[in-house]
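Structure at a glance
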Amino acid sequence: MVRHALKKRSKKAGLPPGSLVHIGDKKTEAVTANVLDYAEDHCSETALIEIEQCIVYRDMPSITWVDIEGVHDIQVLEKIGQCFGLHPLVMEDILNTDQRPKIEDYGDYLYIVLRMLGNGSESGDISSEQVSLILGKNFVLSIQEGAKGDVFEPVRTRIRSNKGQIRMLGADYLAYSLIDAVVDNYFIILEKIGERVELLEETLISDPGPQTLHLIHNLKREMIYLRKSVWPLREVVSGMQRRDSALIRESTGIYLRDVYDHTIQVIDTVETFRDMLSGMLDIYLSSISNRTNAVMKVLTVIATIFIPLTWIAGVYGMNFKNMPELSWVYGYPAVWVLMIFVAIGMVIYFKIKKWW
Amino acid sequence: MVRHALKKRSKKAGLPPGSLVHIGDKKTEAVTANVLDYAEDHCSETALIEIEQCIVYRDMPSITWVDIEGVHDIQVLEKIGQCFGLHPLVMEDILNTDQRPKIEDYGDYLYIVLRMLGNGSESGDISSEQVSLILGKNFVLSIQEGAKGDVFEPVRTRIRSNKGQIRMLGADYLAYSLIDAVVDNYFIILEKIGERVELLEETLISDPGPQTLHLIHNLKREMIYLRKSVWPLREVVSGMQRRDSALIRESTGIYLRDVYDHTIQVIDTVETFRDMLSGMLDIYLSSISNRTNAVMKVLTVIATIFIPLTWIAGVYGMNFKNMPELSWVYGYPAVWVLMIFVAIGMVIYFKIKKWW
Amino acid sequence: MVRHALKKRSKKAGLPPGSLVHIGDKKTEAVTANVLDYAEDHCSETALIEIEQCIVYRDMPSITWVDIEGVHDIQVLEKIGQCFGLHPLVMEDILNTDQRPKIEDYGDYLYIVLRMLGNGSESGDISSEQVSLILGKNFVLSIQEGAKGDVFEPVRTRIRSNKGQIRMLGADYLAYSLIDAVVDNYFIILEKIGERVELLEETLISDPGPQTLHLIHNLKREMIYLRKSVWPLREVVSGMQRRDSALIRESTGIYLRDVYDHTIQVIDTVETFRDMLSGMLDIYLSSISNRTNAVMKVLTVIATIFIPLTWIAGVYGMNFKNMPELSWVYGYPAVWVLMIFVAIGMVIYFKIKKWW
Amino acid sequence: MVRHALKKRSKKAGLPPGSLVHIGDKKTEAVTANVLDYAEDHCSETALIEIEQCIVYRDMPSITWVDIEGVHDIQVLEKIGQCFGLHPLVMEDILNTDQRPKIEDYGDYLYIVLRMLGNGSESGDISSEQVSLILGKNFVLSIQEGAKGDVFEPVRTRIRSNKGQIRMLGADYLAYSLIDAVVDNYFIILEKIGERVELLEETLISDPGPQTLHLIHNLKREMIYLRKSVWPLREVVSGMQRRDSALIRESTGIYLRDVYDHTIQVIDTVETFRDMLSGMLDIYLSSISNRTNAVMKVLTVIATIFIPLTWIAGVYGMNFKNMPELSWVYGYPAVWVLMIFVAIGMVIYFKIKKWW
Amino acid sequence: MVRHALKKRSKKAGLPPGSLVHIGDKKTEAVTANVLDYAEDHCSETALIEIEQCIVYRDMPSITWVDIEGVHDIQVLEKIGQCFGLHPLVMEDILNTDQRPKIEDYGDYLYIVLRMLGNGSESGDISSEQVSLILGKNFVLSIQEGAKGDVFEPVRTRIRSNKGQIRMLGADYLAYSLIDAVVDNYFIILEKIGERVELLEETLISDPGPQTLHLIHNLKREMIYLRKSVWPLREVVSGMQRRDSALIRESTGIYLRDVYDHTIQVIDTVETFRDMLSGMLDIYLSSISNRTNAVMKVLTVIATIFIPLTWIAGVYGMNFKNMPELSWVYGYPAVWVLMIFVAIGMVIYFKIKKWW
Ligand SMILES: [Mg+2]
Ligand SMILES: [Mg+2]
Ligand SMILES: [Mg+2]
Ligand SMILES: [Mg+2]
Ligand SMILES: [Mg+2]
Ligand SMILES: [Mg+2]
Ligand SMILES: [Mg+2]
Ligand SMILES: [Mg+2]
Ligand SMILES: [Mg+2]
Ligand SMILES: [Mg+2]
Ligand SMILES: [Mg+2]
Ligand SMILES: [Mg+2]
Ligand SMILES: [Mg+2]
Ligand SMILES: [Mg+2]
Ligand SMILES: [Mg+2]
Ligand SMILES: [Mg+2]
Ligand SMILES: [Mg+2]
Ligand SMILES: [Mg+2]
Ligand SMILES: [Mg+2]
Ligand SMILES: [Mg+2]
Ligand SMILES: [Mg+2]
Ligand SMILES: [Mg+2]
Ligand SMILES: [Mg+2]
Ligand SMILES: [Mg+2]
Ligand SMILES: [Mg+2]
Ligand SMILES: [Mg+2]
Ligand SMILES: [Mg+2]
Ligand SMILES: [Mg+2]
Ligand SMILES: [Mg+2]
Ligand SMILES: [Mg+2]
Ligand SMILES: [Mg+2]
């Protein structure tokens, strides 16, 4: 995943800053733009056909949420950039879909990068989509990388049905709501991973095999990836809290503290999983050692019992003319007795050594 | 444990902030509410039947401690929230019983989350219950997740019997006393863990086995869990010390410093146990290596002594017509002498190599 | 690589500060100096034959970029030092080509050290070249260690063709552009390393061998080397951002923030690769254990089945006169039956133990 | 050690703060109190029979050092507390003898906790005793847990014999002298540990065995314990340096800096030992691997030489009627030649593989 | 090394601060004192016979460098202390030759402790000598522990021959020059270690053995020791930079920044070596595993091929009367065919498993 994103960065090497080149996989065909315009007493929803139409909403006092899905059509993005007066560096970052979460203050607006995790795939692999938020005075632009679907549906429902206080509050509260939706989704992902970790832990005890190692390894890699998305997010949210930008009202601070608290909890859980996986790796490795040990013991017991016996049999299989034992009447039973004594002696020795 | 708590977070994804959904296991059937109202010269105790009754105590100058056990009845909690004017985000956090310890200042009151560890179970597993404290001007609300029993009984006794200075001091001292009771309980838990660690250390020397590994692993996991409860607690207590809230009198500072000191000691002990368990894992793993080594040595000694002897016997078991040794009078005894010499030579070699 | 650079430091021990001794490999024969002088409305390019010529450009208001390739000709460097008034310590550092990235403020100019990574070699080894930047009021000196080629060509093209806004902005923007080009190149290097890491990961699963270990080891060493170049770079860029030097205009700050962001991303990727390589080492080591284990099992199965059988055969190979079984009519088939039973019993035992 | 201390904490759970319960082992029978009262021109020494007598010295301008040995007689301590006006929390901490080093400012006096290490035991185990120092305006109280003997004798001698400047300086200098004596003793302990580490290192090379592992493990545990005593001590001393308490004169600062420096050196040495012990564990573990490897080689060499030979012998021990080789005149010598060739071939193979 | 230094600390336990006891090995017989007195226009050099003579230089405006070699003659040091007014704690530290690098401001002079590494020994062991610098208004005292020779010769030469600007600048520049000489010497030591690391790396690939492990271990220990000398040095130099002592002129700051930069580079290299050595230890350990694995494979292949064959031979070596195969004409060749088939089957099986 990391590699794919990196791979296309080389297309941009040496271009002037602000060059608009799409970095990442093209995830959808059509770029769609939906507008949700609302105030305490109204709410209208429009799917834009011409992107220029969004200019209508820019200067109205109502809160406007423009949600764009897909970043590979550069012309569409350029129009949006002109319409909302975005800096070329912001435009560039929207297109570079391998960003780590960050927040940047451009005076008239805040630029926020988030990583939204997909929760669709059955294989358990985490897919990730970059979401850019532009928080202006009375608008929020959310630009998704383009994977189908998002985690914002509940926010839309709350606006449409006027549930909670979202329609009464400003654009900063909308931005908070979107960040909160992204973080809430992390909990769902973590629950799924938690189930996999638990399952793995049971397998580890009941039937560990080379496959177990690969499952531990995969989960560890996903944890490396998750950490990269989550640790910077903490700084993003605390950055919003501390910032003395006029764009974030004081009353929103309490909600940001709440989402900050959730972020800490997500980090805590990721770190707990990391610790648990490390412990599981230790368990796995020592269970292999244990098994080798057990196999060794059986080999040793069988070999050390029968090797002397075989030698005894060999001795009396020799063809010397002059071997008096061979003519004894009780020679053969005597050898049997000898062999049984040797065998029992060995077994007792092993019992004492606790090897059996 | 971690997983269970997480599991239910998904119920809440996308709900507006402050939505009251109970997250966690339902630990008790009935939600109970007890009021302890006291001042220097009086002390009354009531079990509330209707939660609205607590409003009586709110505005009285005496100190009121409302102790609620059980959070799954949302209506009861809503009434309490209205009665004491709690913010929806506080209400939400009370219901999310997988919080890490934290402190939040809401102006009129402080909201404190603690994790109270259970000390009942014989199996040694640590159970944990979330306790929310609301410290207002002249009241303390303690809302327990609902597991039977708590660690606050000694505090109740001190209030009832007017022991110590608790009845002379304010609500902040009561909050301190409750936090102190939670931390004191950590010492008891750590003593029990300390006994298990010590027992394990003896087993490790006397009779290590795969079971030992699992015990080490379990203790390590409990340490991961304990750390998560204890480290943030330190920040909670130092947060109370530093805070210039009118709710915490200066005279209480000295007691908070004391409980902070205890918290540090708890952390210190947890970290010591972690270090010791790491050392024990090393010991365990190398004791397996040592044992494999010992088994190897026996196999090697037996095999390398008898394999050549068996070959000698095999040689004289061959059926060649023309084997002069077979007809020698002292052929057979000579072979015995040869075999004994070979065996003794091998044994001396092993003695020199210190393998026997 | 590290060693080579270090090796020559001893030549300088005890010399007064500012002594000009070239430390490092001589990478090119001829020292070349190219001048790009430009303003909004013009752009001229000259290859200097006599280094003294550069004095012409020093006091002109147009922006002058003097790009020098090769540092082993000390006389040339001394002339440049005199021409631009460089401090002897700067001159010394230009010649010590094993510097870590740093920034130093000398009042009239900033001295910046970067490490430019080569991307030419097929073997995958990273070569590195020291680049010193001197940012003055209206000039930038870039002094490369001397390996053929650099990563600045796109910047030159942008100046020549007046693409982007580079001709409109000052020397600080030119310095930023050069740093940006160096960092952009890191992404290309990281892509290549990412491919090697991915390839290695596949090998690790399909066909791990001692060679795999050496590949992991080599990549780990390269990561150690990369970290040393990248971590200090972060401080360099953030140092430029924070610095209240008149040489860096406020408008450039936004671009420095962008390149800082890229630096963080490079560091992030390097750390991710490090974590992945550690995980791969664990996988490799346990795959060796697994293989040893598998070999052990085969040995054990074969040996423990045939050793008892061989003993049985040995018993009936003994030459005792009085061995009644030998005369039995069904003695021979009975021994076969016995041997088959023993063998089947062993196999069943192994199946139960899951060793087969 | 840790466990013992912890064990008794549970006696105190739930008691009001300042409850006087002795936590720890009772180390001595009689509680003794000695007073050293001195000024520049006099010095008197008294063994108190009634603890109330110490009140005489409290208000005199001369410096008074009350040294109490034993904390299990709570009544004695209560009287001291009343006499010097100590806070109940201080009294409590004096009795809790499992404190980590700390410093607390109570306005009229500073409360300092130290851990004094015993240097008597031959077994090498470190015993530890808590020392509480109360530094008032013109007195120092030192309350030792009660193990026989202390490290303060040289300080007493210096006071008695008026050596150095101790009688000319204040109570803060006396407190410094006591802390310095404790730290000086750490050096002695570390020297002893250093000898054990060095001895262990020699054993590790000459004759490593399971015992070596336990010695490494024990030293590691002692290092864990020492770290816990030493790291907080650094904060104690730097806390005294920074504090703007009237109790510490500026002229004492230079001496505190000196003892701080020693503390750092102690920490440095502890960390060095930790690093060395980690390295020794690695060496030990790989020396086991090496030995297993050596044993394996002998087994392999012997087995792979004789197993084919034994098979050859077995072939010519078969009883087929029609085996022409058996009737050949040179059949038997030919088999010997064959066997010798096979053996020599194997040996050469092993020489090439460097296994022999 | 560490141990030796520590060993003698116990001689001092309990002595009053400032007691002059020599701690460390006596490294030279005679204590020598050389004076270099210089100004822009003159330079005189004297070997002091009576140490009191140095008082002549103290109050002259010229810069005086008194270089003392050997600290075991306490009377000599006491005279120097009186002459230059040194604090007893400084005198004590000069004699305690196991100090870590530090800087202390005593108002009239700065006291600096450095560790000068020896570069003479062929065995590769690093020897270390403590150097104390006293930087006063117009003098520098350098007091070496006493090992023959030092790294200051180039500085002396520069003063004598008036090379560079050293004679034009003050005592602070002289102190800088001495520190710079010490740090320059670290590069030489690191080059030598780098060569040993590189050599070791080659051995690791070509012919690893138990000796390799000890070499890695020794280098790791030296790195532990070097870190202890180098990390505090960084703080010393940055301490000099930050200090607003009148003793350090602003113009010297730029040179201190240069030596600080070198210190960072030394630390960087030490850390790189540490990382490389860790990687080499991993390689070594897994090369042992690999070898054990290879030995196992040969044993397994030989044993599993011949053990069944030996059994077959054993079967037809049995002496049953009634064994029809024995009388078959082609019985013997048939057994040969069987045995060859079994052997070939085994070999094919191993080829498939890639064990051969
Ligand atoms: Mg670019
Ligand atoms: Mg990222
Ligand atoms: Mg989407
Ligand atoms: Mg949320
Ligand atoms: Mg990160
Ligand atoms: Mg919340
Ligand atoms: Mg490990
Ligand atoms: Mg929510
Ligand atoms: Mg938690
Ligand atoms: Mg409860
Ligand atoms: Mg307590
Ligand atoms: Mg945590
Ligand atoms: Mg206390
Ligand atoms: Mg130099
Ligand atoms: Mg470097
Ligand atoms: Mg170049
Ligand atoms: Mg860039
Ligand atoms: Mg670094
Ligand atoms: Mg960008
Ligand atoms: Mg208590
Ligand atoms: Mg402690
Ligand atoms: Mg004592
Ligand atoms: Mg001392
Ligand atoms: Mg600690
Ligand atoms: Mg000192
Ligand atoms: Mg002393
Ligand atoms: Mg040191
Ligand atoms: Mg010397
Ligand atoms: Mg230098
Ligand atoms: Mg250090
Ligand atoms: Mg330099």
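What you see is a predicted model, and the numbers here were worked out from it, not measured in a lab. (Residues numbered from 1 in each chain as written. Chains lettered and ligands numbered in written order. Predicted model: local features only at pLDDT ≥ 70, side-chain atom pairs only at ≥ 80, totals over all residues. Heavy atoms only, no water.)

Taken together, a rotation about one axis and a shift along it account for how the two chain copies relate. The two copies are related by a screw operation: chain A maps onto chain C through 72 degrees of rotation and 0.0 Å of translation along the axis, at an RMSD of 0.1 Å. Look at the turn and shift together and you get a five-fold axis relating the two. Within chain A, G317 of chain A has its C-alpha nearest the rotation axis, a separation of 4.6 Å. With a heterologous cut-off of 20% or less, the 15% of interface residues of chain A that recur at the interface of chain C puts this contact in the heterologous class. (Least-squares fit on C-alpha atoms with pLDDT ≥ 70 in both. Contact = heavy atoms within 4.5 Å.)

Reports often express the size of an interface as the amount of accessible area lost when the parts come together. As assigned here, chain A comprises domain 1 (2-286) and domain 2 (297-352). The straight-line distance from the C-alpha centre of domain 1 of chain A to that of domain 2 of chain A is 76 Å. (Domains from an automatic or database assignment.)

Next up on the list: the sheet that holds strand β7 (residues 139-144) of chain A. All names here are of chain A. Taken in spatial order, the 7 strands make up an open sheet running β2-β1-β3-β7-β6-β5-β4, and their pairing is mixed. At either margin of the open sheet sits one strand with a lone partner, and together these are β2 (42-48) and β4 (102-105). Averaged over neighbouring strand pairs, the angle between their axes works out to 15 degrees when direction is ignored. Of the pairings in the sheet, the one linking strand β3 (residues 63-69) to β7 comprises 6 bridges and is parallel in character. Bridge pairing links T64 to F139 in β7. Lying on the sheet, helix α3 (residues 74-84) is in contact with β3 and β7; it crosses β7 at an angle near 165 degrees. (Pairing = 2+ DSSP bridges. Helix = DSSP H or I, 4+ residues; strand = E, 2+ residues; numbered from the N terminus. Axes fitted to C-alpha atoms, helices over the stretch in contact; angles between N-to-C directions.)

Residues and elements named next belong to chain C. The protein atoms donating to the magnesium ion (ligand 17) are D180 (OD), D184 (OD) and H262 (ND1), with metal-donor distances spanning 2.1 to 2.6 Å. Read N to C, the donor residues that coordinate the magnesium ion (ligand 17) are spaced as D-x3-D-x77-H. Between the magnesium ion (ligand 17) and the magnesium ion (ligand 1), both coordinated by D184, there is a metal-metal distance of 3.5 Å. Linking D180 with D184, this pair stays in helix α6 (residues 171-206), spanning 4 residues, or about one helical turn. Comparing D180 with D184 shows no difference in burial state: the two are buried. (Donors = N, O, S within 2.8 Å, 3.2 Å for Na, K, Ca; no water. Buried < 20%, exposed > 50% of the residue type's maximum accessible area, 1.4 Å probe, protein only.)

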